[in-house]
Amino acid sequence: MKRITLLYCFFTILFLASAQAQVASGKLSPHTKTFLLKMNQNDISTTQRKAILTKSAVIETGVQEYISAFIHLKENAGTESLEQQGVKINSHTGDIATAMIPINSIENIASLPEVKYVQIGTPVNKKMDRARVTSGVDKVQAGASPLSAPFYGKGVVIGIIDTGFEYGHPNFYNKEHTEYRVKRVWEQNDTTGIAPAGFSYGTELSNQNEILAAKRDTTDNSHGTHVTGIAAGADHSNNNVYYGVAGEADIVLVSYIGFDTDVIDGIKYIYDYATSVGKPCIINLSMGSHIGPHDGTSFFDKTTDQMQGKGRLIVGAAGNEGNKYAHISKIFNQTDTICKTFLSPNNIAADIWGEAGKDYKVQVCIYDTLNNIPIYSSLEYSASNNLYKDIKLARAAGATGHIYYSSGINPLNNKPNFNVSSEFSSIKANCCLGLIIKSTEGTVHAWSDPYYHFTSNDKPEWTDGDNNVSIGEVGGTGKQIISVGAYVSKNMFTNLNNETYGISQLLNTLATFSSTGPTIDGRMKPDITAPGSVLASSLSSYDTKQDTYKVKETTVDNKTYYYGIMGGTSMSTPYVTGVLATWLQANPNLTPNEIKSIFQKTAINDSYTGDILPNGNSTWGYGKIDAYNGLLEVIKQYTSIEDMPILPQSIFMYSGNNQQFNFLFTQEDTNVKINVYNVNGQQVLAKNFNEISCKQEETIDLNGLPKGLYIIKITGNKLNQVFKASTK
């Protein structure tokens, strides 16, 4: 009897453990399941385990290994029980938290009743002289007519989340090199110092001495130095022309680990600093990924949508996959039920999304392209099922290694999501990896890692990939994020060795790599385009791999620094970040929607963009950014005198057409006179006003006067400004 009781207890415990594991598995994202599959392989070596951890969002703290993750909580749920199990909460926005979870506790955490879903961090990858002229930044910086003073982003915080920073580069000082503008640095990868308040990892550098003593975050790239220089560089020493847009803005740098979860933490860190100093803030994300639904419902997009608002903006890269065939899709019906494609090169990394309420099946094969037969075919697996599977293949199957399958219903959009990936040590000659998707209804989209692409290999009934919906996650698909494409403002450069290089891009056209939309839910993306191919900006002197691309060296305080060429939406994005910082200087309360409205009204449409409809398009967005006319539009948007900031000028002039000139007054005055003179000093027109109110607009029409240059002088009891106007 005692033995029966013990057996009963044993099987009860076994059943409960199995049930708990099943519950936990149903609340894990496919990407999380794939990570666990890899970690739980029986044949995994210490070296292989370390490689898996290196590619994942893992942080070691002492003897404990943590993984960065999104945790989707039930409404109004607390985090106390999570913290009791060793979870470290970093940010909490609505019902989504970012946290560090002990690796061996992932399934336990997922099984907690207050937890709806766990998704570990997914990897995100990094994606100026002439450029300033093409979009009017030179006018904004010069304070040229119609502006009577420059805008350089003064009083605004620019946050850059990136890697490859040289903290002491002269581009990060003010124009006169008398003020250092980097106010904070968070090195998320560094474990030697003290983490920022409210966070559980990394090292914060909180003053100029600490930041400059650290010198740099890494020696393997210059990406962050280049990006920061475009957005906020101010170095005018030694006749340097490669400074950036918002050279008076404050700078906060986050050297991120490389996953979307730590990007969210970086955003919170930067916004927290901006709040502490009472300044508006704009954050630059020159990065992207293709893991996700591409419809604005990812954990990243949902969280950042809630974080943005008045004086809180995020600018993201549209992506560099516009000429990659990393997407495939199919509309299924009862008579058209199959989509077959190959992955090249021969490893699978595919993220597949269907429609809510409509299932599909996935199968992988190893195909002999010489004999046109499959050597190995897996079972067909349903995307709606809670799948969690590792298939080990031997040489006889045509390849040696593992295929990982994971799937389930995403709780944020109710869409079936299937993640399939492989790691092969070898594959037979003439063999390829095939991906087969089957359904009788609905549309299915799949994206591969940008380093791979879908292809038919010229086989009948197999399908090539396309470059549709190439807009990337993280920088491109959020509903509030400002997504930026790239056009060509420079296609040739000469380096320090006097070697001239040409770029295979046509001036003023959309860069061939610039990713396009729309999003899967039909929204226009990108929102705007800016110069991105190619731009010159600051490089890190600790990065030794950029010699070919260096175009200038400069010596400041007995140290040599460099400027060089890079291209991509990684470069067009900080250009827009800098421009919007100058707009925030004029109106610190701008919202993402107001920014997009200004794009719609002022973006440049030319012979290269073609005529863009009022709602924009998913190639150019609203067109090419116009820093100058956008700034004037910002100033005109104030709703009351109380909203008006102290601006560097009282009157703005802008041209209505070749003969009409409009004046916007930003302060009230009395006894105002507008007098117009020709170049000989003769008065040709006059208008008088007893009273001018704030935000009043007046037009001077020079139609009927000879074409040429005129001087317009506006005076009053307080006003005294002079403008030049040229009629054509």
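Residues numbered from 1 in each chain as written. Predicted model: local features only at pLDDT ≥ 70, side-chain atom pairs only at ≥ 80, totals over all residues. Heavy atoms only, no water.

Student: Even after reading the chapter, I still don't get the overall build of the chain, so can you show me in this structure?
Tutor: Within the chain, the regular secondary structure consists of 14 helices and 39 strands. Of all 728 residues assigned to the chain, the portion counted as buried reaches 58%. Carbon and sulfur atoms make up 48% of the accessible area of the chain, which amounts to about 29,200 Å² in all. Placing the 60 positive and 67 negative side-chain charges of the chain at their respective mean positions leaves the two points 1 Å apart. (Helix = DSSP H or I, 4+ residues; strand = E, 2+ residues; numbered from the N terminus. Buried < 20%, exposed > 50% of the residue type's maximum accessible area, 1.4 Å probe, protein only. Areas by Shrake-Rupley, 256 points an atom, 1.4 Å probe, with all protein chains shown as cover. Lys, Arg positive; Asp, Glu negative; His and termini not counted. Charge placed at Lys NZ, Arg CZ, Asp CG, Glu CD.)

Student: Please clarify how the pattern of salt bridges should be interpreted in this entry.
Tutor: Between side chains of opposite charge, a pair can form when the charged atoms approach closely. All chains considered together, the criterion is met by 18 salt bridges. Glu 355 is the salt-bridge partner of Lys 358, the closest N and O atoms lying 3.9 Å from each other. Residue class for Lys 358 comes out partly exposed when judged on its relative accessible area of 29%. Since its relative accessible area comes to 30%, Glu 355 is described here as partly exposed. (Salt bridge = Lys/Arg side-chain N within 4 Å of Asp/Glu carboxyl O.)

Student: How should I be thinking about the packing of helix α12 (residues 569–586) against helix α13 (residues 592–602) in this particular structure?
Tutor: Packed helix pairs are characterised by how far apart their axes lie and by the angle those axes make with each other. Across the interface, α12 lies against α13 with an axial gap of 12 Å and an inter-helix angle of 100°. What the angle tells us is that α12 and α13 run roughly perpendicular. Across from Val 576, Leu 580 and Trp 583 in α12, the residues of α13 making contact are Ile 595, Ile 598 and Phe 599. Of the residues in the contact of α12 with α13, the class split is 6 nonpolar, no polar and no charged. (Axes fitted to C-alpha atoms, helices over the stretch in contact; angles between N-to-C directions. Parallel < 35°, antiparallel > 145°, perpendicular 65-115°, else oblique. Contact = heavy atoms within 4.5 Å. Nonpolar A, V, L, I, M, F, W, Y, C, P; charged D, E, K, R; others polar.)

Student: Would you mind showing me how to read the sheet that holds strand β30 (residues 535–539) here?
Tutor: The strands making up a sheet associate through backbone hydrogen bonding, with each pair oriented either parallel or antiparallel. Strand order in the open sheet made by the 3 strands is β30-β32-β31, with antiparallel pairing throughout. Only two strands of the sheet have a single neighbouring strand rather than two, namely β30 and β31 (550–556). Pairs of neighbouring strands in the sheet enclose a mean axial angle of 25°, with direction left out of account. Here β30 runs beside strand β32 (residues 559–566); their pairing, made up of 5 bridges, is antiparallel. Across the sheet, Leu 539 pairs through a bridge with Tyr 562, a residue of β32. (Pairing = 2+ DSSP bridges.)

Student: Even after reading the chapter, I still don't get the sheet that holds strand β24 (residues 442–448), so can you show me in this structure?
Tutor: Read across the sheet, 6 strands follow the order β14-β24-β16-β22-β21-β20 without closing on themselves; strand pairing throughout is antiparallel. Among the strands making up the open sheet, the edge pair consists of β14 (327–332) and β20 (388–393). Averaged over neighbouring strand pairs, the angle between their axes works out to 15° when direction is ignored. Taken together, the 11 bridges between strand β21 (residues 399–409) and strand β22 (residues 416–427) define a ladder with antiparallel strand orientation. The partner of Ile 403 across the bridge, within β22, is Ser 422.

Student: What am I meant to see in the nonpolar core here?
Tutor: Among the nonpolar cores identified, the biggest contains 60 residues, and Ile 158, Ile 282, Tyr 575, Val 576, Leu 580, Trp 583 and Phe 599 are the most heavily contacted of them. Per-element tally for this core: the top contributor is α12, with 9 residues. Discounting chain neighbours no more than four positions away, the residues touching Trp 583 are Leu 590, Ile 595, Ile 598, Phe 599, Asp 626, Ala 627, Gly 630, Leu 631 and Val 634. Judged by nonpolar contacts, the second largest core, of 34 residues, contains Ile 264, Tyr 273, Phe 300 and Ile 481. (Core = buried A, V, L, I, M, F, W, Y, C linked by side-chain atoms within 4.5 Å.)

Student: Even after reading the chapter, I still don't get the confidence of the model for the chain, so can you show me in this structure?
Tutor: Close inspection of predicted coordinates is inappropriate in any region flagged by low pLDDT. On average, residues of the chain score 88 in pLDDT, and 91% of them reach the 70 mark or higher. Between residues 1–19, whose pLDDT stays under 50, and residues either more than four places distant or in other chains, the model counts 0 contacts. (pLDDT = per-residue confidence, 0-100.)

Student: Looking at this structure, how should I read the environment of Lys 183?
Tutor: Turning to its location among the elements, Lys 183 is positioned in strand β8 (residues 182–187). For Lys 183, a relative accessible area of 21% gives the class partly exposed. C-alpha separation for the pair Lys 183 and Val 315, spaced 132 residues apart in sequence, amounts to 20 Å. Here Lys 183 is in contact with Ser 206, Ile 211, Asp 250, Ile 251 and Tyr 273, once residues within four sequence places are set aside. Of the polar contacts made by the side chain of Lys 183, one reaches the backbone oxygen of Tyr 180; its length is 3.4 Å. (Polar contact = N/O pair within 3.5 Å; in protein donor to acceptor, adjacent residues only side chain to side chain.)

Student: Sorry if this is basic, but what is going on with the packing of helix α9 (residues 223–232) against α12 here?
Tutor: At their nearest, the axes of α9 and α12 sit 7 Å apart, and the two run at 35° to each other. Here α9 runs over α12; the crossing is right-handed. Residue-level inspection shows His 223, His 226, Val 227, Ile 230 and Ala 231 of α9 in contact with α12, the latter providing Ser 570, Met 571, Pro 574, Tyr 575, Thr 577 and Gly 578. (Left-handed = near helix turned anticlockwise from the far one by under 90°.)

Student: Explain helix α10 (residues 260–277) to me, please; I cannot follow it from the model alone.
Tutor: Since the α-helix advances by 3.6 residues per turn, residues separated by three or four positions end up pointing in the same direction. With 18 residues, α10 should reach 26 Å at 1.5 Å per residue; the first-to-last C-alpha distance of 26 Å fits that figure. Within α10, 13 of the 18 residues are buried, which leaves the element mostly enclosed by the surrounding structure. Residue Gly 278 follows α10 closely and has a positive phi angle near 65°. (Expected span 1.5 Å × (residues − 1).)

Student: Even after reading the chapter, I still don't get the side chain of Arg 312, so can you show me in this structure?
Tutor: Within the element layout of this structure, Arg 312 appears in strand β13 (residues 312–317). Buried charge without a partner: Arg 312 forms no salt bridge, and the closest opposite charge is Asp 272, 7.7 Å away. Among residues more than four places away in sequence, those in contact with Arg 312 are Tyr 271, Ala 274, Thr 275, Lys 279, Pro 280, Cys 281, Met 307, Leu 590 and Pro 592.

Student: Is there a simple way to think about the packing of aromatic side chains in this case?
Tutor: Any two aromatic rings considered together are summarised by their centre-to-centre distance and by the angle between their planes. Tallying each qualifying case throughout the model produces 19 aromatic pairs. Both rings, one in Phe 70 and one in Phe 299, keep their centres 5.6 Å apart while their planes meet at 15°; by these two values the pair is stacked. By relative accessible area, Phe 299 is classed as buried at 1%. Note on Tyr 173 and Tyr 180: the rings are 5.0 Å apart at their centroids and 55° apart in plane angle, and the pair reads as tilted. A residue is classified by how much of its surface remains accessible, and Tyr 180, at 5% relative accessible area, is buried. Here the aromatic cluster, defined as three or more aromatic residues joined through ring pairs, consists of Trp 186, Phe 199, Tyr 201 and Tyr 269. Sitting over the face of the ring of Tyr 542, Arg 216 holds its NZ or CZ atom 5.7 Å from the ring centroid. It is Lys 559 that lies over the ring of Tyr 561; its NZ or CZ is 5.3 Å from the centre. (Phe/Tyr/Trp six-rings, centres within 6.5 Å; stacked < 30°, edge-to-face > 60°. Lys NZ or Arg CZ within 6 Å of the ring centre and 35° of its normal.)

Student: How should I be thinking about the environment of Ile 211 in this particular structure?
Tutor: Residue placement: Ile 211 occurs in helix α8 (residues 208–214). According to the relative accessible area criterion, Ile 211 is buried, its value standing at 0%. A sequence separation of 27 residues divides Ile 211 from Arg 184, and the C-alpha atoms of the two residues are 7.7 Å apart.

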